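# Chain and residue survey
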Amino acid sequence: MDSKGFIRLLFLLVSGLLVLLITRSWVQLPPSTSDEEELFDCAYYSPKCISRNRLNLKSDLTKDQGRWNQKRNHKDQLPLHPLDPLTIQEINKARTILSSHPSFSSSPFTIHTLVLEEPEKHLVLKWKKGDPLLPRKASVVALLKGQPHLLTIDLGSSKVIHSEAVASPAGYPMMTIEDMTSATWAPLSDANFNRTILDRGIDLADLACLPISTGWFGKKEEKKRLIKVQCYSMQGTANFYMRPIEGLTVLLDMDTKEVVEISDNGRQIPIPKAANTDYRYAAQNKRVKLLNPISLEQPKGPSFTVEDEHIVKWANWEFHLKPDPRAGVIISRAMVRDSETGEMRNVMYKGLTSELFVPYMDPTDAWYFKTYMDAGEYGFGLQAMPLDPLNDCPRNAYYMDGVFAAADGKPFVRSNMVCVFESYAGDIGWRHSESPITGMPIREVRPKVTLVVRMAASVANYDYIVDWEFQTDGLIRIKVGLSGILMVKGTTYNNMNQVPEQEDIYGTLLSENVIGVIHDHYITFYLDMDVDGSDNSFVKVNLARKQTSAGESPRKSYLKATKTVAKTEKDAQIKLKLYDPSEFHVINPIKKTRVGNPVGYKVVPGGTAASLLDHQDPPQMRGAFTNNQIWITPYNRSEQWAGGLFVYQSQGEDTLAVWSERDRPIENKDIVLWYTLGFHHIPCQEDFPIMPTVSSHFDLKPVNFFESNPILHMPPNIEKDLPVCKAVASS
């Protein structure tokens, strides 16, 4: 090697080491501590926080906001309900027990999930406040020598009561935060990668990299946990997502942190300019104030309470609420009070976000694998960020922290992860005004106030807002909002007049050298309905046109509703059709109203975009749970995650679609309803550089559940009951 070559290689190695040190400071791995009880907050354990730390963007809370960010004393917290999440003490105890278990005591391992193993459903349903707490158990998913292990730890007896090495897993467990953070800096230890970055004219200090799940596309991706890494330039902007280093993809062994392959096919594509990409308010040269401040004031305080840390009571509703590292939030034991009898009646045993499937529609080398499963691969709850008081949630909101386990089993806190608040947007609960022709001066109106449970997850560039909204009329609305930043593709084109007519750019030209790639979002919800009891049936109520007989009526046609009870799972695989309309009811065939209708709830569909991918396309095989909008399965504790327990690099062998093909009986059984909200997203210029929120929802609505309108007896608003806020005189 000549002297120039040696000097250049030495420079690359030194640069790599320096950037590795810098990047380690960017990701802010948790400090070592001898205090087992010491907790670390999300800033140490989140890819989104990593991005913020790279840019040294420390949150500057106002004094007003500070009162929502008081640290709770989680160290002394005790479980008070059978469904309460594991406490700090319990997580530490589970880690100690696991560390002394055979095999685990002598070999390094990583914990991918450490959560409460919920008691059997029938035991929880029998349990009442004041009863002895049911035995507490921890469910553990761990990797030992590259092999997944499933364990159950009895915290009372301090024993591992179940241990199973999964011999031929259908995939790998959800990534840990440590997996993701280490993947972002691992390529910097590879001289070829550093050389590629420098050859592209990029300063290593301006580099920002993201961990991208690989999906599954063939046998070469088996028997290794692999991850792909793509990088961006942070020079001149906080919004590095808009400055991709196009065509550069690193394939990384997630366990050894070794670079397996570097694909570099975009050297001719310039990095988009940083101008006009920064979305932060402080960075805006032009500030426009369109509105005066607005706030919901509650001089008597909110109408809801949170008892024992997790039991929410509001108006006629009561439910258990807890954060979860995979699902985000879990709503359990949802009950509504009957307006006539005062009885608390069961509606839903458990509801959660089961999986998110986000396939991008670009088959080229640097994009084909972008088919994310955000819950099963990244952890929807792990990506939840602290909510911003007054902006994410209004005044008088209640905030709940998540307490999770890191890869080494030590507990950490996701502060202000969930908020609960009352919402009033001027909506109407019910109304009627009598026409003057009747001579009756009647005008009756009732305002609609709802209770919202909210979380927001920032899965790298995309932000998801998930609301569970409870209404006094018994309706539950599940709403998903999409915001954040598009994942964009670099291009040589500055204007559409440069694009050949026959060329497919797989999206929309948003700005000079920036393409927003077409993609879908599917959010599948698990809803264990227990309508007045666990044994329910699924009824399809089909609307069809009927012709009248000759001479029967001046009308030629009318609509008739025909009810069909689903006997088995295949009867309840539903693709929504605009011109073949139906209602979909979950009923209790044993419980009837006074006039003989079975009590029930119905699904009111929304967000009905359906997947158009070929069913044999590898991403769609893994995401086959989106082949239908509605599924019904018999309750099974092991069937909670629509993409399977092990989603990472899965092949679609353990999904909701596979389970449903068993065609098990579902009539008058304990059944689970699955609903998928779908969005097609063709990006547009208004999505640049950050997207206005787009939302959709579906409803669970009472149908013959009550004897009459359950909010008939609610009073209207009266002026004397409301606060009077006077506008400040303008100067």
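The text that follows walks through the structure, step by step, so that each part is easy to find. Nothing here was measured: the structure is a model prediction, and the numbers come from that model.

## Some words on unusual backbone geometry
Pro689 follows Phe688 through a cis peptide bond whose omega is 0 degrees. Mapped onto the secondary structure, Pro689 falls in the loop between strand 31 (669-681) and strand 32 (691-703). With a phi angle near 60 degrees, Ala460 is a residue other than glycine that sits in the positive phi range. Relative to the assigned elements, Ala460 resides in the loop between strand 19 (450-459) and strand 20 (462-471).

## A look at the state of the cysteines
By the definition in use, this model includes two disulfides. With a sulfur-sulfur separation of 2.2 Å, Cys393 is cross-linked through a disulfide to Cys419. Between Cys393 and Cys419, the S-S torsion sits near -90 degrees, and that sign places the bridge as left-handed. Of this pair, Cys393 sits in the loop between helix 8 (374-378) and strand 15 (398-405) while Cys419 sits in strand 16 (residues 411-423), and the two are 26 residues apart along the sequence.

## A look at the sheet that holds strand 7 (residues 248-253)
Read across the open sheet, the four strands follow the order 5-6-7-8; overall the sheet is antiparallel. Of all strands in the sheet, those with a lone pairing partner are strand 5 (207-213) and strand 8 (259-264), marking the two edges. Sheet twist, expressed as the average angle between the axes of neighbouring strands with direction ignored, equals 25 degrees. Inspection of the sheet shows strand 7 paired to strand 8 by five bridges, in the antiparallel sense. Within the sheet, the bridge partner assigned to Val250 lies in strand 8 and is Ile262. Set on the sheet, helix 6 (residues 177-185) makes contact with strand 5, strand 6 (226-233) and strand 7; between it and strand 5 the angle comes to about 130 degrees.

## A few points about the environment of Thr608
Looking at where Thr608 falls in the secondary structure, it is placed in the loop between strand 29 (598-604) and helix 9 (618-622). Note on Thr608: relative accessible area 43%, which makes it partly exposed. In this structure, the C-alpha to C-alpha distance between Thr608 and Phe698, residues 90 residues apart in sequence, is 9.3 Å.

## Some words on the layout of surface pockets
Space inside the second largest pocket adds up to approximately 1,100 Å³. Looking at the lining of the second largest pocket, the elements with two or more residues in it are strand 1 (109-116), strand 2 (137-144), strand 3 (147-154), strand 11 (317-324), strand 13 (344-359) and strand 15. If one sorts the elements of the lining of the second largest pocket by residue count, strand 1 sits on top with four residues. By residue class, the composition of the lining of the second largest pocket is 26 nonpolar, 12 polar and 10 charged.

## Concerning the pattern of salt bridges
Under the counting rule described, the total for this entry stands at 30 salt bridges. Between Arg395 and Glu297 there is a salt bridge; the shortest N-O distance is 3.4 Å. Taken together, the residues Arg395 in the loop between helix 8 and strand 15 and Glu297 in the loop between strand 8 and strand 9 (304-307) connect sequence positions 98 residues apart. Two residues, Asp338 and Arg345, come together in a salt bridge whose shortest N-O distance is 2.7 Å. Overall, Arg345 belongs to the buried group, its relative accessible area being 6%. A single salt-bridge network, built from bridges that share partners, covers Lys121, Asp528, Asp530 and Asp670.

## Topic: the side chain of Asp206
Tracing the chain through its elements places Asp206 in the loop between helix 7 (191-199) and strand 5. Despite its burial, Asp206 pairs with no opposite charge, the nearest such side chain being Arg243 at 6.8 Å. Excluding anything up to four places from it in sequence, Asp206 contacts Tyr232, Ser233, Met234 and Gln235.

Conventions we followed
- Residues numbered from 1 in each chain as written.
- Predicted model: local features only at pLDDT ≥ 70, side-chain atom pairs only at ≥ 80, totals over all residues.
- Heavy atoms only, no water.
- Helix = DSSP H or I, 4+ residues; strand = E, 2+ residues; numbered from the N terminus.
- Disulfide = S-S within 2.5 Å.
- Pairing = 2+ DSSP bridges.
- Axes fitted to C-alpha atoms, helices over the stretch in contact; angles between N-to-C directions.
- Contact = heavy atoms within 4.5 Å.
- Buried < 20%, exposed > 50% of the residue type's maximum accessible area, 1.4 Å probe, protein only.
- 1 Å grid on protein atoms, 1.4 Å probe; cavity = no way out; pocket = protein on both sides within 12 Å on 5 of 7 lines; lining within 4 Å.
- Points joined across faces, edges and corners; volume = space filled by probe spheres on them.
- Nonpolar A, V, L, I, M, F, W, Y, C, P; charged D, E, K, R; others polar.
- Salt bridge = Lys/Arg side-chain N within 4 Å of Asp/Glu carboxyl O.
- Lys, Arg positive; Asp, Glu negative; His and termini not counted.

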